[in-house]
Amino acid sequence: MAKAMPGTPIQVIWTREDDMVHDKYRPMTGQHLVAGVDAQGKLVGLLHRVVSEGIYSRVVPPAFKAAGGKDAPVMEGVEITYDIPDHSVQFMIEERGIDAGFWRAVGPGYTKFAIETLIDEVARGVKADPLTYRMDLLQKHPRGQAVLKAVGEMSQWGKAKLPKGHALGLAYSDAWNTYCGMVVQVSIEKGRPKVHKVWSAVDCGHALQPQNIQAQIEGSVIFGLSAALHERMDFRAGEPMQTTLNTYQVLRANETPEVFVKVMPTDNHPGGIGEVGLPPLAPAMANAIASLNGKRLRALPFPMV
């Protein structure tokens, strides 16, 4: 249209329905993790296998080829600061005919979910406190220990007197050279998890704009909670089924928790912050739910519990 009408401004507005059904969607990802512990219950081995559609394989094939078949944004977050002697990561690409693209928190949005729920399950399996267990795995990374200690104090981990039917869950993320500890307070209402409070301690190195850091964590929590509770896209014969907000549900205001953020500046190179609050949110929820009813949730968005 613009070529046919030179010198005339052309504005194109997509309807919400057009926008949603012609998008590039978050990769559908399957993960398989196996942990090995020694006689003392210490985690000594971790196998992490990821099967997913590609992003770089579609957007920048040369980068995908140069990486030897590793799709960097899909696999982001599998690198860990936990001291685990044997850590193996495998990636297998599976094209399903649906174009995949970037999503807030990219790979760590799901890789940290798998890792952090497994760490929690292992800790409880060897009768260890999940916070203490993680602290032991981070002895070589004092910045990671510091954010976990801080968020434990913020939430009164192990000491808080919670209402009946409430539990705390913990998760940790080291993505984008930023260390983030998160604790959530969860209950279950009519088979659905409800998050009441979220505490987060964050060390992103030099904190150039502390208030912006706080806002980014708050926004990431809301974004992640919406995805964990509701957001999904189903396909039938290659066609998206959710076409607007009456079928693609997002978080409502009455589902929004209180969010408390502690910014912990350190004299380190600034890390990322725009997506940092999302990866630990869903695993912290899943770990809290497991404390409440013993059920381990392994899929996002969460099913009825």
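Scroll up a little and you will see the structure.
Focus on a negative patch on the surface
Here comes step 1: A cluster of acidic side chains, namely Glu17, Asp18, Asp19 and Asp23, defines a negative patch on the protein surface.
Here comes step 2: With respect to the helices and strands, the residue Glu17 is situated in helix H1 (residues 16-21).
Here comes step 3: A relative accessible area of 37% means that Glu17 is categorised as partly exposed.

Some details on the nonpolar core
Here comes step 1: Counting residues in each nonpolar core, the largest one holds 31 residues, and the members touching the most others are Val184, Val198, Leu281, Met285 and Phe302.
Here comes step 2: Those elements that place two or more of their residues in this core are strand S5 (179-189), strand S6 (192-203), helix H8 (210-229), strand S9 (258-263) and helix H9 (281-293).
Here comes step 3: The element best represented in this core is H9, accounting for seven residues.
Here comes step 4: Those residues in contact with Leu281 that sit more than four places away from it in its chain are Met182, Val184, Val198, Val221, Gly224 and Leu225.
Here comes step 5: By size, the runner-up hydrophobic cluster in this structure holds 29 residues, among which are Ile119, Ala123, Tyr133 and Leu137.

As for the side chain of Ser226
Here comes step 1: When you line up the elements, Ser226 lands in helix H8.
Here comes step 2: A polar side-chain atom of Ser226 sits 2.5 Å from a polar atom in the side chain of Glu231.

Scoring rules and cut-offs
- Residues numbered from 1 in each chain as written.
- Predicted model: local features only at pLDDT ≥ 70, side-chain atom pairs only at ≥ 80, totals over all residues.
- Heavy atoms only, no water.
- Patch = residues over 30% accessible without salt bridge, like charges linked within 9 Å, V, L, I, M, F, W, Y side chains within 5 Å.
- Areas by Shrake-Rupley, 256 points an atom, 1.4 Å probe, with all protein chains shown as cover.
- Salt bridge = Lys/Arg side-chain N within 4 Å of Asp/Glu carboxyl O.
- Lys, Arg positive; Asp, Glu negative; His and termini not counted.
- Charge placed at Lys NZ, Arg CZ, Asp CG, Glu CD.
- Helix = DSSP H or I, 4+ residues; strand = E, 2+ residues; numbered from the N terminus.
- Buried < 20%, exposed > 50% of the residue type's maximum accessible area, 1.4 Å probe, protein only.
- Core = buried A, V, L, I, M, F, W, Y, C linked by side-chain atoms within 4.5 Å.
- Contact = heavy atoms within 4.5 Å.
- Polar contact = N/O pair within 3.5 Å; in protein donor to acceptor, adjacent residues only side chain to side chain.

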